[in-house]
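Each chain is listed here by its residues.
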Amino acid sequence: MVKFTKQFEGQLVPEWKEAFVDYWQLKKDLKKINFLNNNERTNNVDNMNTNKECSFSRILISSLRKLPLFGPQRGEHGVIQVHRKLGQTLSKGDLYETELLEQFADTEAAAEFFALLDLQLNKVNQFFQTKEKEFVERGDCLKKQMEILIELKAALIKQQHDKGSSSGQNTKEDESISGTISCDEESNKDRTDQEQDIDNSIDQVILDYPRSSKLENSTNIKREDNKSKNLLERVINCQGKSLKIHIPLTNPTRTLSAITYLLRDDIINQSSKKCGPDGRKKLHINRTKLKRAEKMIKGAFIELYKGLGYLKTYRNLNMLAFVKILKKLDKVTNKQVLPIYLRVVESSYFNSSDKALKLADDVEDIFIKHFAQDDKKKAMKYLKPSQKKESHAVTFFIGVFTGCFLALLVGYVIMAHITGLYRPKSDTIYMETVYPFLSMFSLMFLHFFLYGCNIFMWRKTRVNYSFIFELAQTKELKYRDVYLICATSMTAVVGVLFLHLTLVAKGYSYNQIQAIPGLLLLVFLMLLVCPLNIIYKSSRYRFICVIRNIMFSPLYKVVMLDFFMADQLCSQVPMLRNLEYVACYYITGSYKNQDYGFCMRTKYYRDLAYAVSFLPYYWRAMQCARRWFDEGHKSHLVNLGKYVSAMLAAGAKVAYEKEKNLGWLCLVMVMSSAATMYQLYWDFVKDWGLLQCHSKNPWLRNELMLRRKFIYYFSMGLNLVLRLAWLQTVLHYNFGSVDYRVTGLFLAALEVIRRGQWNFYRLENEHLNNAGKFRAVKTVPLPFHEVDEQD
């Protein structure tokens, strides 16, 4: 049977851990009480014979006190009495304080225990009340948003029906609602053509049908929208109230769509936007925007329901924790404390309030009616998605393909050693044309394997990586899935290269077999973009979208997954260089005549090779610039400086490779050392949150996910050593008679390993920051915002 401590720790909401009952500290205080009681029993046994007369008199006096003749009985209230006090503010709510009666009055440890117990109860009540109020306000706002959406959809249907009945034709081409805006003639004249070309991501409309309700939390929505400067409002001086439709440009698709709608509205709807003789102004709300608004509201309902589920878990686990700890207290003290204190806990706010439960039922009803066509089973797939069961077949195939990979790798190494391919004086054609394939795939899938290890450690330490990366829990890759992909892919890669090397050893010409590695790469690319719902389609397409967002930085809003992936690319420059060479080798047709030096002799290729070395750092720097533009935090500019220093160091290395003289060597040493110090500081202090001199854990942070502190010190030392791998570019040290390309692969693998350990601590620090703010669910921006004339 699982102990309650492990059950409690395994089921609590990680981001709210500090708000739960401190069950572990309460158990420690109980051990103190138990220890004192044991000592007291021992002393009583020793003094039993010497104090018989005193004991007899004490028993006689206590018996007399129980008689009603000697006044009111204090013990009728039990061993404790819990007082309820009104809080000073509404946010604090009621406060509870326990008074120990004479049975407990002589125990200092018991007083400390009940003081801590009261503190935990007050903390739970206050947190529950705060979160409940937050969710209820969000729910009320969402209900009003839903009312607006229903009215707009009804207006769209009515308008299309009227047009269809009047013209007798299908009106699918006009998928917009014609709203009107009252405007003054002077304000319309003052409006320039440049103002009319402002981003169409937000429309301002007055609906033709009356509305009396006004949206609440408009200031909160304003504040959220003001954080993103890419939302530009259409400025129209209007009379009365208006409705703004906010569609945030969070990804490339919405940005391009906004530009498309802007051009279309300016061309097609130009006449409808002019003020008529009655001073009324026409404006259209596109059906696509309504669908996006509906999708935003749907996502907001899902997140609200998830938060209410967390609140229900918070209530149940804390109630169970109070019951368990009070049972232990009764067992240790042999007193009946549980019935008295449990009545107080049951009547306290966090256990008696039913606002969250009612709101959860309302959310279910609204979602079933408007987003699931009255199909409860379909609605629950969104509101309560079932976790994908881990199959034993996955584990079995991981073992099978891992064994095949190791066997093929051993065979490949033995054959390569026999043929002498990896020695300095080896087959130049093979090392220049085939070895880049092995190097590229090895670095790629080593990185992917380390990501699987990161997922395993994140899950073990309860780091909510799915929430941080905004991944769908039903579609995200588990660590077993990652291991299976790595084992299968590397088995295919080593198997194909082993076959290729076998054909080379048998004397086949390169003209006949050189296309085999290219076909392997083509198969992987086809699997990546395969439209069929096979081989983790959602993850493959999410990866493509993230790469697209990175490549077009800083045009698009940056989210956590985007800049996390961009950081990975900064450690994969050798892999990108190999990919560039392989693409050039096959696209130009050089593989047909084994002219492996053609790409090296081409100026455009050499210039592109230098650009590839800079691009990951450039993309990451542009992401920092975009985050500074959106959020306004100067720390993003400081982070941008880190990647600029890395670009300067890379440029110095490129120049040193061209002209190997002492001046460029000194410049490489200075620039690389400065960039390394900059990167180390940012790794330890900013990304990992370590090196805090005033922390309770020396030179670490106050909160640690790993119990053994020496792991953090070891990781910092290892990160320092691996950051110095650039010295190889200066020293040019070779391992015996091994080819320099093999040495380069080994050093590149060390950088990938460094990035793998960086990933764990980076997300650990991000998780602790979320936990410090008690952020457990996403805040989805809402599309509709009603404002007055002054706005």
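Position labels on residues start from 1 in each chain and follow its written sequence. It should be noted that, the model being predicted, local features are given only for residues of pLDDT at least 70 and side-chain atom pairs only at 80 or more, the latter also being counted only at that level, while totals for whole chains, interfaces and linings use all residues. Values reported for side chains reflect all heavy atoms of the structure, with hydrogen atoms and water molecules removed beforehand.

Helix numbering and strand numbering both begin at the N terminus, where a helix is a DSSP run of H or I of at least 4 residues and a strand a DSSP run of E of at least 2. If you tally the helices and strands in the protein, you get 30 helices and seven strands. Buried residues are those whose accessible area, probed at 1.4 Å on protein chains only, stays under 20% of the maximum for their type, while exposed residues exceed 50% and partly exposed ones sit between those limits. Looking at the protein residue by residue over its 791 residues, the buried ones come to 45%. Note on contacts: a residue pair is in contact if any heavy atoms of the two residues lie within 4.5 Å. Taking all contacts inside the protein whose residues are at least 6 apart in sequence as the whole, residues at least 24 apart take part in 76%. Methods summary: accessible areas were calculated by the Shrake-Rupley approach with a probe of 1.4 Å, and residue burial reflects only the protein chains presented. Accessible surface computed for the protein: about 42,800 Å², of which carbon and sulfur atoms make up 60%.

A side-chain nitrogen of Lys or Arg and a carboxyl oxygen of Asp or Glu constitute a salt bridge if their distance falls within 4 Å. Following the criterion strictly, the structure yields 20 salt bridges and no others. D595 is the partner of R601 in a salt bridge, and the nearest nitrogen-oxygen pair spans 3.0 Å. Classification of D595 by relative accessible area gives partly exposed; the value is 23%. Across the salt bridge formed by E631 and R627, the nearest N and O atoms sit 3.7 Å from each other. Of this pair, E631 and R627 both sit in helix α25 (residues 603-631), four residues apart, roughly one helical turn. Exposure remark for E631: the relative accessible area of 38% places this residue in the partly exposed category. Residue classification places R627 among the buried residues on the basis of a relative accessible area of 18%. When salt bridges that share partners are traced, they join D683, R723, E751 and R754 into one network.

Only one face of strand β2 (residues 95-100) is covered, namely the face carrying Y96, T98 and L100; the face carrying L95, E97 and E99 is uncovered. The pairing criterion for strands is at least two bridges between them, as found by DSSP. Looking at chain direction, strand β1 (residues 80-85) and β2 are connected through six bridges and run antiparallel. Bridged to K85 within β2 is L95.

It is worth spelling out the confidence of the model for the protein at this point. A score from 0 to 100, pLDDT tells how confident the predictor is in each residue. When pLDDT is averaged across the protein, the result is 79; 75% of the residues are at 70 or more. Within the model, the stretch residues 216-241 combines pLDDT values under 50 with 70 contacts to residues more than four positions away or in other chains. Contacts of residues 266-283 to residues separated by more than four positions or lying in other chains number 44 contacts, the stretch itself having pLDDT below 50.

Another aspect to go through is the environment of L308. Tracing the backbone through its elements, the reader meets L308 in helix α9 (residues 287-333). Sequence separation of L308 and K131 is 177 residues, and the distance between their C-alpha atoms is 9.1 Å.

Moving on, we come to the nonpolar core. Within soluble globular proteins, side chains that are nonpolar generally end up buried alongside one another. Throughout this description, the term nonpolar core refers to a set of buried Ala, Val, Leu, Ile, Met, Phe, Trp, Tyr and Cys residues connected via side-chain atoms within 4.5 Å. Membership of the largest hydrophobic core comes to 80 residues, with the highest contact counts inside it found for W16, I80, F113, L117, F301, L326 and Y341. When residues in this core are grouped by element, the largest group, 20 residues, is from α9.

For the purposes of this analysis, a disulfide is any pair of cysteine sulfur atoms at a distance within 2.5 Å. Enumeration according to the criterion identifies one disulfide in this entry. Two residues, C584 and C599, share a disulfide whose sulfurs are 2.0 Å apart. Handedness of the C584-C599 disulfide follows from its S-S torsion of about -105°: it is left-handed. Here C599 lies in helix α24 (residues 598-601) and C584 lies in helix α23 (residues 573-587), a separation of 15 residues in the sequence. Of the residues examined, C599 reaches a relative accessible area of 0% and is grouped as buried. We note that C570 lacks a disulfide partner, and the nearest cysteine sulfur, in C624, lies 9.4 Å from it.

A few words on a positive patch on the surface. Two distance rules govern patches: like charges are joined within 9 Å, and nonpolar side chains (Val, Leu, Ile, Met, Phe, Trp, Tyr) within 5 Å, applied only to residues with over 30% relative accessible area and no salt bridge. Positive charges are assigned to Lys and Arg, negative charges to Asp and Glu, while His and the chain termini are left out of the count. Working definition for charges: the position is that of NZ of Lys, CZ of Arg, CG of Asp or CD of Glu. On the surface, K3, K6, K17, K324, K327, K328, K331, K460, R707 and R708 cluster together into a positively charged patch. If one sorts the elements of the positive patch by residue count, α9 sits on top with four residues. Within the secondary structure layout, K460 lies in helix α16 (residues 435-460). By relative accessible area, K460 is classed as exposed at 62%.

Inspection of the secondary structure assignment puts S439 in helix α16. Beyond its immediate chain neighbours, meaning those up to four positions away, S439 contacts N578 and L745.

Let us look at the packing of α9 against helix α12 (residues 355-371). Helix axes are fitted only over the stretch in contact, all axes being lines through C-alpha atoms; the angle between N-to-C directions runs from 0 to 180 degrees. Running from N to C, α9 and α12 point in directions that differ by 150°, and their axes come no closer than 10 Å. Taken together, the axes of α9 and α12 are roughly antiparallel relative to one another. Both α9 and α12 take part in a crossing whose hand is left-handed. Contacts between α9 and α12 involve E294, I297, K298, F301, I302, L304, Y305, L308, L311, K312 and R315 on the former and, on the latter, A356, L357, L359, A360, V363, E364, I366, F367, H370 and F371. Three classes are used: nonpolar for Ala, Val, Leu, Ile, Met, Phe, Trp, Tyr, Cys and Pro, charged for Asp, Glu, Lys and Arg, and polar for all others, with Gly counted as polar. By residue class, the composition of the contact of α9 with α12 is 15 nonpolar, one polar and five charged. Each angle receives one of four descriptions, namely roughly parallel if under 35 degrees, roughly antiparallel if over 145, roughly perpendicular if within 65 to 115, and oblique otherwise. Should the near helix be turned anticlockwise from the far one by less than a right angle, the crossing is left-handed, and should it be turned clockwise, the crossing is right-handed.

Along its 28 residues, helix α14 (residues 392-419) runs 41 Å from first to last C-alpha, staying within 8% of the 40 Å computed at 1.5 Å per residue. Looking at the buried side of α14, the elements it contacts are α15 (428-433), α16 and α18 (479-505). The backbone nitrogen of A393 lies 3.1 Å from a side-chain oxygen of the residue at the head of α14, namely S391. Where α14 terminates, the next one or two residues include G420, which has phi positive at roughly 70°. Each residue after the first adds 1.5 Å to the expected span of a helix. In protein, a polar contact means a hydrogen-donor-capable atom and an acceptor-capable atom, both N or O and within 3.5 Å, with residues adjacent in sequence counting only if both atoms are side-chain atoms; elsewhere, any N or O pair within 3.5 Å suffices.

A cluster of nonpolar residues, L691, W699, F710, Y713, F714 and L718, forms a patch on the protein surface that exposes about 630 Å² of accessible area. Structurally, Y713 is set in helix α28 (residues 710-723). We classify Y713 as partly exposed; its relative accessible area is 36%.

For the rest of this paragraph, the subject is the side chain of S489. Residue position: S489 is located in helix α18. Residue classification places S489 among the buried positions, given a relative accessible area of 10%.

For the rest of this paragraph, the subject is α16. For α16, which comprises 26 residues, the first-to-last C-alpha distance of 37 Å matches the rise-based estimate of 38 Å (1.5 Å per residue) to within 8%. Count one or two residues on from α16 and you reach R462, which has phi positive near 60°.

Moving on to the packing of α16 against α23. Any two packed helices are characterised by how steeply their axes cross, that is the angle between the axes, and by the distance between the axes. Following both chains from N to C, one finds α16 and α23 inclined at 140°, their axes separated by 9 Å at the closest point. For the element pair α16 / α23, the angle class is oblique. The crossing of α16 and α23 is left-handed. In contact with P436, F437, S439, M440, L443 and M444 of α16, α23 contributes P574, M575, N578, L579, Y581, V582 and Y586. In terms of residue class, the contact of α16 with α23 is built from 11 nonpolar, two polar and no charged.

This part covers unusual backbone geometry. Put simply, S553 and P554 share a cis peptide bond, and its omega is 5°. Positive phi, close to 60°, is recorded for R462, a residue that is not glycine. Tracing the chain through its elements places R462 in the loop between α16 and α17 (465-469). R462 sits in the partly exposed class, given a relative accessible area of 27%. Within the chain, E470 stands out as a residue other than glycine whose phi angle is a positive 55°. Inspection of the secondary structure assignment puts E470 in the loop between α17 and α18. A relative accessible area of 41% means that E470 is categorised as partly exposed.

Take the packing of aromatic side chains next. What characterises a pair of aromatic rings is the spacing of the ring centres plus the angle enclosed by the ring planes. Pairing of aromatic side chains requires ring centres within 6.5 Å, counting the rings of Phe and Tyr and the six-membered ring of Trp. Pairs whose planes differ by under 30 degrees are stacked, by over 60 edge-to-face, and all others tilted. Counted under the stated rule, the structure contains 41 aromatic pairs. On the numbers, 5.3 Å between centres and 70° between planes, the contact of F396 with F397 is edge-to-face. On the basis of relative accessible area, F396 is assigned to the exposed category, the value being 52%. Ring centres of F445 and F524 lie 6.0 Å apart, and the angle between their planes is 50°; on these two criteria the pair is classed as tilted. Taken together, the residues F445 in helix α16 and F524 in helix α20 (residues 515-528) connect sequence positions 79 residues apart. Across this residue pair, the class does not change: F445 and F524 are buried. A connected cluster of aromatic rings, assembled from ring pairs, spans F4, F8, W16, F20, Y23, W24, F127, Y310, Y314 and F774. Should the NZ of a Lys or the CZ of an Arg lie within 6 Å of a ring centre and within 35 degrees of the ring normal, that charge is described as sitting over the ring. Directly above the ring of W682 sits K686, whose terminal nitrogen or CZ lies 5.9 Å from the centroid. Its end group placed over the ring of W758, R755 keeps NZ or CZ at 4.7 Å from the ring centre.

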